[in-house]
Amino acid sequence: MISRIASVALSSVILILGQNATAAADSCEIALVLALDVSKSMDPREFSLQFGGTAEALRDPEVQSAILARRGLVAMTAFEWSGKTHQAKVKDWTLLRTPEDVEVFADTLVQHDRIGHGQRTGTGSALEFAYALLDQGPDCDRSIIDVSSDGYSNDGIAPPDVYASRRFDSVTVNALVVGGKMRPFLWDYFSSDIIFGPDAFSMATESFDDYAQAIKEKLLRELAPPALVARSER
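Residues numbered from 1 in each chain as written. Predicted model: local features only at pLDDT ≥ 70, side-chain atom pairs only at ≥ 80, totals over all residues. Heavy atoms only, no water.

Draft legend 1. How the structure looks around the pattern of salt bridges. Taken as a whole and assessed by the stated rule, the structure comprises ten salt bridges. Residue Glu222 is joined to Lys218 by a salt bridge in which the shortest nitrogen-to-oxygen separation is 3.0 Å. Here the residue Glu222 and the residue Lys218 both occupy positions in helix α8 (residues 211–223), the gap between them amounting to four residues, near one helical turn. Accessibility assignment for this pair places Glu222 and Lys218 in one class, buried. Salt bridges linked by common partners bring Arg59, Glu103 and Asp107 together as one network. (Salt bridge = Lys/Arg side-chain N within 4 Å of Asp/Glu carboxyl O. Helix = DSSP H or I, 4+ residues; strand = E, 2+ residues; numbered from the N terminus. Buried < 20%, exposed > 50% of the residue type's maximum accessible area, 1.4 Å probe, protein only.)

Structure, rendered in structure tokens:
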């Protein structure tokens with residue numbers, strides 16, 4: 001017969017193991033910031049294709065599996081940006097534990113009304129804002145900033161200067177260059193000046209019309225284990 005002391009000790013061990021298992025299950029593996037360009041080069045149709053395309057990608061079964069079927073959680077936030085003074089949260093940090101969590105995040109993107117209008121493209125300032133969001137967010141194994149844009153940075157601090165002035169060592173910045181397949185110099189610019197960090201890569205679309213498929217492929221690459229993420233295409 002187990003003594004009362006031994007029984008209490010055994011119960012304590014079981015409780016600790018259970019707490020450890022819960023903590024492991026709730027540990028954050030990836031913190032992903034979606035930085036969506038709403039500068040003046042983007043008309044209302046293109047805005048809808050960008051935000052709706054990102055939502056469509058999040059609802060895709062492959063992407064949801066990549067988010068949910070992993071050892072740790074994915075935390076995600078999104079913001080719109082344009083000029084050096086305009087960055088606005090679209091969705092605060094969310095731990096994506098269930099398909100419903102992902103659906104709610106996607107719904108928020110679809111329902112979002114554009115805030116910034118008629119401003120230039122302050123990519124460096126957007127990167128600073130994204131970095132601040134990572135500082136405020138959950139402690140995760142990997143930190144990724146996912147930048148979508150269709151133009152050169154022309155307002156505020158330049159992206160290379162942001163990287164030179166901040167500790168971006170453990171942060172990966174990837175880019176989706178909208179229209180980059182038709183504008184190779186723009187794609188080259190993103191590959192040289194915007195992407196940064198471990199396993200960083202850039203992808204490009206023909207236009208906003210193929211944005212949904214491109215952001216799906218980009219998310220799948222970002223959510224893959226680091227060993228499987230290819231280096232930049234450029």
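Now that the structure is up, let's keep going.
Draft legend 2. Representation of helix α4 (residues 99–111) in the model. With 13 residues, α4 ought to run about 18 Å at 1.5 Å a step, and its terminal C-alpha atoms sit 18 Å apart, in line with that. Where α4 is concerned, the buried positions are Val102, Phe105, Ala106 and Leu109. Looking down the long axis of α4, one finds its buried residues gathered within 95° of arc, a one-sided arrangement. Structural note: α4 exposes Glu100 and Gln111 on the side pointing more than 90 degrees away from its buried face. Residues of α4 that are buried in the fold lie against β1 (28–37), α2 (44–59), α3 (61–68), β2 (73–81) and β3 (87–96). (Expected span 1.5 Å × (residues − 1). Arc of directions from axis to C-beta. Contact = heavy atoms within 4.5 Å.)

Draft legend 3. Looking closely at the sheet that holds strand β4 (residues 140–149). Taken together, the six strands give an open sheet; going across it, the order is β3-β2-β1-β4-β5-β6, and neighbouring strands pair in mixed fashion. Edge positions in the sheet fall to β3 and β6 (202–204), since each of these pairs with one other strand and no more. Taken pair by pair, the neighbouring strands of this sheet meet at an average axis angle of 15°, ignoring direction. Pairing analysis gives three bridges linking strand β5 (residues 171–177) to β6, with the strands arranged parallel. Of the residues in β6, the one forming a bridge with Val177 is Ala204. Lying over the sheet, α2 contacts β1, β2, β3 and β4, oriented at roughly 155° with respect to β1. (Pairing = 2+ DSSP bridges. Axes fitted to C-alpha atoms, helices over the stretch in contact; angles between N-to-C directions.)

Draft legend 4. Layout of the side chain of Arg70. Along the polypeptide, Arg70 turns up in the loop between α3 and β2. Classification of Arg70 by relative accessible area gives buried; the value is 19%.

Draft legend 5. Representation of the layout of surface pockets within the structure. Of the volumes computed, that of the largest pocket is approximately 230 Å³. Lining the largest pocket are 13 residues, and of these Leu134, Asp135, Ser143, Ser170 and Val171 lie nearest its centre. At the level of elements, α5 (123–136) and β4 are the ones that each hand at least two residues to the lining of the largest pocket. Per-element tally for the lining of the largest pocket: the top contributor is β4, with four residues. (1 Å grid on protein atoms, 1.4 Å probe; cavity = no way out; pocket = protein on both sides within 12 Å on 5 of 7 lines; lining within 4 Å. Points joined across faces, edges and corners; volume = space filled by probe spheres on them.)

Draft legend 6. Molecular detail of the environment of Phe105. Here Phe105 lies in helix α4. Apart from the residues lying within four places of it in its own chain, the contact partners of Phe105 are Leu34, Leu58, Met76, Thr77, Ala78, Lys91, Asp92, Thr94 and Leu96.

Draft legend 7. Region of interest: the pairing of β1. The buried count for β1 comes to ten of ten residues, which makes it a mostly enclosed element. By the bridge criterion, nine bridges tie β1 to β2 in an arrangement that is parallel. Its bridge partner being in β2, Ile30 is matched across the sheet by Val74. Relative to β4, β1 is paired through eight bridges, and the arrangement is parallel. Counted as the bridge partner of Ala31 is Ser143 from β4.

Draft legend 8. Representation of the packing of α2 against α3 within the structure. α3 packs onto α2 with a crossing angle of 65° between their chain directions and a minimal axis gap of 5 Å. One finds that α2 runs roughly perpendicular with respect to α3. Contact residues: Ala57, Leu58 and Arg59 in α2; Pro61, Val63, Gln64 and Ile67 in α3. The residue inventory of the contact of α2 with α3, partitioned by class, reads five nonpolar, one polar and one charged. (Parallel < 35°, antiparallel > 145°, perpendicular 65-115°, else oblique. Nonpolar A, V, L, I, M, F, W, Y, C, P; charged D, E, K, R; others polar.)

Draft legend 9. Inspection of the state of the cysteines at higher detail. Applying the stated criterion to the full structure yields one disulfide. The disulfide bridge from Cys28 ends at Cys140, spanning 2.0 Å between sulfur atoms. Taking the sign of the torsion about the S-S bond as the criterion, the disulfide between Cys28 and Cys140, at about 80°, is right-handed. With a gap of 112 residues between them, Cys28 in strand β1 and Cys140 in strand β4 connect regions that are remote in the sequence. Residues Cys28 and Cys140 agree in their burial class; the two are buried. (Disulfide = S-S within 2.5 Å.)

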